[in-house]
Protein chains: 2
Amino acid sequence: MLGKQAAGEVGTATRILDVAERLVQSRGFNGFSYANVAAELGMTKAGLHYHFPGKAELGEALINRYAIRFAEALQAIDADSASVRAKLAAYAAVYADVLKEQRMCLCGMLAADYETLPAAMRTAVVRFFDDNETWLERVLEQGAKEGALHYEGRARDQAQLIISTLEGAMLVARPYGDPERFRAAAHRLLATLDGG
Amino acid sequence: MLGKQAAGEVGTATRILDVAERLVQSRGFNGFSYANVAAELGMTKAGLHYHFPGKAELGEALINRYAIRFAEALQAIDADSASVRAKLAAYAAVYADVLKEQRMCLCGMLAADYETLPAAMRTAVVRFFDDNETWLERVLEQGAKEGALHYEGRARDQAQLIISTLEGAMLVARPYGDPERFRAAAHRLLATLDGG
DNA sequence: GTCTATAGGCAGATAGAC
DNA sequence: GTCTATCTGCCTATAGAC
């Protein structure tokens, strides 16, 4: 339950999620273990099982928290951005911030591991992409109506292209250790929406 | 050595590579084991070690063979395509053919696993992307010269965007089990090169 | 909540027979 | 070349003490 820690304090479950999240984002779901997490927190593996019974439950919790944070970031973009063009730039910046820490998008990484994931995690990964698509679709439709964005065909398809490109740009940029590689691709992608 | 099999026959090393390749492309490098490969071939794990001393060597061999095949595919495209636009369509079709078998690009998958890979595999993965970039750069420059393709800035940067987008489109399409999702993204990507 | 201890299984790998 | 047998280590997970 919440409210057991003093203000600013971080509970054990949260610290476990923080470490596991970073490990999954950098090494993949099959590339980390309870032992890795426990060692980093100065705990034993058994201690982790109290908070998350199994790796599957931990994985679910990771995706759910990540999805909530992402949704909050999108709400913040909606609230703060002055234009649809600014919204798209801010959206790409969310990805850039993840990559900056040498991490892959959690759900992009899990998309690679998809075949090996428990069913509940699979469902949650797909929902993450669906939610992103829905948000982007709305922004793109608004932009088209305002005449601020230009693209052919359905907004939903353009939204899928944007997600694919940003995920792919993260994926490829990481082996090069070069965030600029991502930035250039994202900028070029969004530039295609400016022209007539 | 080569030449030990009768025409059309396939050696054990090749059959090992075939199975391991499919497993890596669908499950990732940390999502398959010697036991998986051996079981599928009706062999024991020990038998595999005769052909590939360790998982690292097997992984290197996988990338090297994949890179050679990819290079051959690019040569075939150069030989057969009537236009630069046709070359790019054929390039995207190479990715689509991989996805059709519900596989991720081998090196795209290994890019996700990158942090956990042995050094030699890392080098080979980056070289794969570099080679693709170089080929695309040449096509894009030719296209610009002919006036058949239109893009802003350097061909090399546009090449990176194309690779990122195709890899990302494969990555995201697989959880949906929907090759059409990839096809639409690829088509939309290439369409951005047509306009003025 | 976190520990020690341990289970049971699978991982990658090797030795040596055939 | 492929096998049997085995090793060592790590994995996920559980029982039960504190």
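So, here's what we can say about the structure.

Parameters and conventions
- Residues numbered from 1 in each chain as written.
- Chains lettered and ligands numbered in written order.
- Predicted model: local features only at pLDDT ≥ 70, side-chain atom pairs only at ≥ 80, totals over all residues.
- Heavy atoms only, no water.
- Helix = DSSP H or I, 4+ residues; strand = E, 2+ residues; numbered from the N terminus.
- Rg over C-alpha atoms; globule rule 2.2 N^0.38 Å.
- Buried < 20%, exposed > 50% of the residue type's maximum accessible area, 1.4 Å probe, protein only.
- Contact = heavy atoms within 4.5 Å.
- Areas by Shrake-Rupley, 256 points an atom, 1.4 Å probe, with all protein chains shown as cover.
- Lys, Arg positive; Asp, Glu negative; His and termini not counted.
- Charge placed at Lys NZ, Arg CZ, Asp CG, Glu CD.
- Expected span 1.5 Å × (residues − 1).
- Near = heavy atom within 4 Å.
- Polar contact = N/O pair within 3.5 Å; in protein donor to acceptor, adjacent residues only side chain to side chain.
- Nonpolar A, V, L, I, M, F, W, Y, C, P; charged D, E, K, R; others polar.
- Salt bridge = Lys/Arg side-chain N within 4 Å of Asp/Glu carboxyl O.
- Buried area = accessible area lost by both parts, 1.4 Å probe.
- Disulfide = S-S within 2.5 Å.
- Least-squares fit on C-alpha atoms with pLDDT ≥ 70 in both.
- Phe/Tyr/Trp six-rings, centres within 6.5 Å; stacked < 30°, edge-to-face > 60°.
- Lys NZ or Arg CZ within 6 Å of the ring centre and 35° of its normal.

On to the overall build of chain A, then. A tally of regular secondary structure across chain A gives 9 helices and 0 strands. Since a compact globule built from 196 residues should have a radius of gyration of about 16 Å, the 18 Å found for chain A is in line with a globular shape. Summarising its shape, the C-alpha atoms of chain A cover approximately 60 × 35 × 30 Å along the three principal directions. Expressed as a percentage of the 196 residues in chain A, the buried residues total 50%. Put simply, of all contacts in chain A between residues at least 6 apart along the chain, 67% involve residues at least 24 apart. Surface summary for chain A: the accessible area is close to 8800 Å², and the carbon and sulfur share equals 53%. In chain A, which carries 22 positive and 25 negative side-chain charges, the distance between the mean positions of the two groups comes to 5 Å.

A word on helix H4 (residues 55-80) of chain A. All names here are of chain A. Along its 26 residues, H4 runs 37 Å from first to last C-alpha, staying within 8% of the 38 Å computed at 1.5 Å per residue. Among the residues of H4, Leu58, Gly59, Ala61, Leu62, Ile63, Arg65, Tyr66, Phe70, Leu74 and Ile77 are the ones counted as buried. Close packing links the buried residues of H4 with helix H1 (12-27), helix H2 (34-41), helix H5 (84-100), helix H6 (106-112) and helix H7 (119-146).

Every one of the 16 residues lining DNA strand C counts as a neighbour, but A:Thr44, A:Tyr50, A:His51, B:Ser33 and B:Lys55 are closest to it. When atoms of DNA strand C within 4 Å of the protein are split into backbone and base, the sugar-phosphate part holds 58%. One of the side-chain nitrogen or oxygen atoms of B:Lys45 is found 3.3 Å away from a base oxygen of DNA strand C. The separation between a base nitrogen of DNA strand C and a polar side-chain atom of B:His49 is 3.4 Å. Where the surface near DNA strand C is concerned, the elements lending two or more residues are helix H3 (45-51) of chain A together with helix H2 (34-41) and helix H3 (45-51) of chain B. Taken together, the residues of the surface near DNA strand C sort by class into 7 nonpolar, 7 polar and 2 charged.

Moving on to the protein's contact with DNA strand D. The full set close to DNA strand D counts 17 residues, and A:Ser33, A:Lys55, B:Thr44, B:Tyr50 and B:His51 are the nearest of them. Taking A:His49, its side chain carries an N or O atom lying 3.4 Å from a base nitrogen of DNA strand D. Note that a phosphate oxygen of DNA strand D is positioned 2.9 Å from one of the backbone N or O atoms of A:Lys55. Breaking the surface near DNA strand D down by element, the ones donating at least two residues are H2 and H3 of chain A together with H3 of chain B.

Turning to the pattern of salt bridges, a few remarks are in order. Applying the stated criterion across every chain yields a total of 30 salt bridges over all chains. Because the salt bridges share partners, they merge into one network encompassing A:Asp18, A:Glu21, A:Arg65, A:Arg69, A:Glu101 and A:Arg103.

What follows concerns the interface of chain A and chain B. Taken residue by residue, the interface counts 40 residues in chain A and 40 residues in chain B. Surface buried jointly by chain A and chain B totals about 3400 Å² across both partners, of which 61% is contributed by carbon and sulfur atoms. By the criterion of area lost to chain B, the three top residues of chain A are A:Leu171, A:Pro175 and A:Arg188, representing 20% of everything that side buries. Counting the contacts that link chain A with chain B gives 2 salt bridges.

By definition, a disulfide links two cysteine residues through a covalent bond between their sulfur atoms. Under the defined criterion, the tally for this structure stands at 0 disulfides over all chains. Cysteine A:Cys105 is unpaired, with the sulfur of A:Cys107 as its nearest cysteine sulfur at 5.4 Å.

Before going further, it helps to examine the relation of the copies chain A and chain B. Superposition of chain A onto chain B requires a rotation of 180° combined with a translation of 0.0 Å along the rotation axis, giving an RMSD of 0.0 Å. The transformation just described matches what one would write down for a two-fold rotation axis. Of every C-alpha in chain A, the one belonging to A:Gly168 sits nearest the axis of rotation, 1.7 Å from it.

Attention now goes to the packing of aromatic side chains. The final tally for this structure, using the stated rule, is 18 aromatic pairs over all chains. Look at B:Phe29 and B:Phe32: their rings are 5.9 Å apart centre to centre, the planes differ by 65°, and that puts the pair in the edge-to-face class. No difference in accessibility class separates B:Phe29 from B:Phe32, as the two residues are buried. Taking 5.4 Å as the distance between ring centres and 20° as the angle between the ring planes, the aromatic pair formed by B:Tyr91 and B:Trp135 counts as stacked. Taken together, the residues span a long stretch of sequence, with B:Tyr91 in helix H5 (residues 84-100) and B:Trp135 in helix H7 (residues 119-146) at a distance of 44 residues. By relative accessible area, B:Tyr91 is classed as buried at 1%. Accessibility expressed as a relative area gives 6% for B:Trp135, which makes it buried. Here the aromatic residues A:Tyr66, A:Phe70, A:Tyr91, A:Tyr95, A:Phe128, A:Phe129 and A:Trp135 are joined through ring pairs into a cluster of three or more. A cation over an aromatic ring shows up here: B:Lys55 above the ring of B:Phe29, its NZ or CZ 4.8 Å from the ring centre.

Shape is all these values report; function is a separate question.
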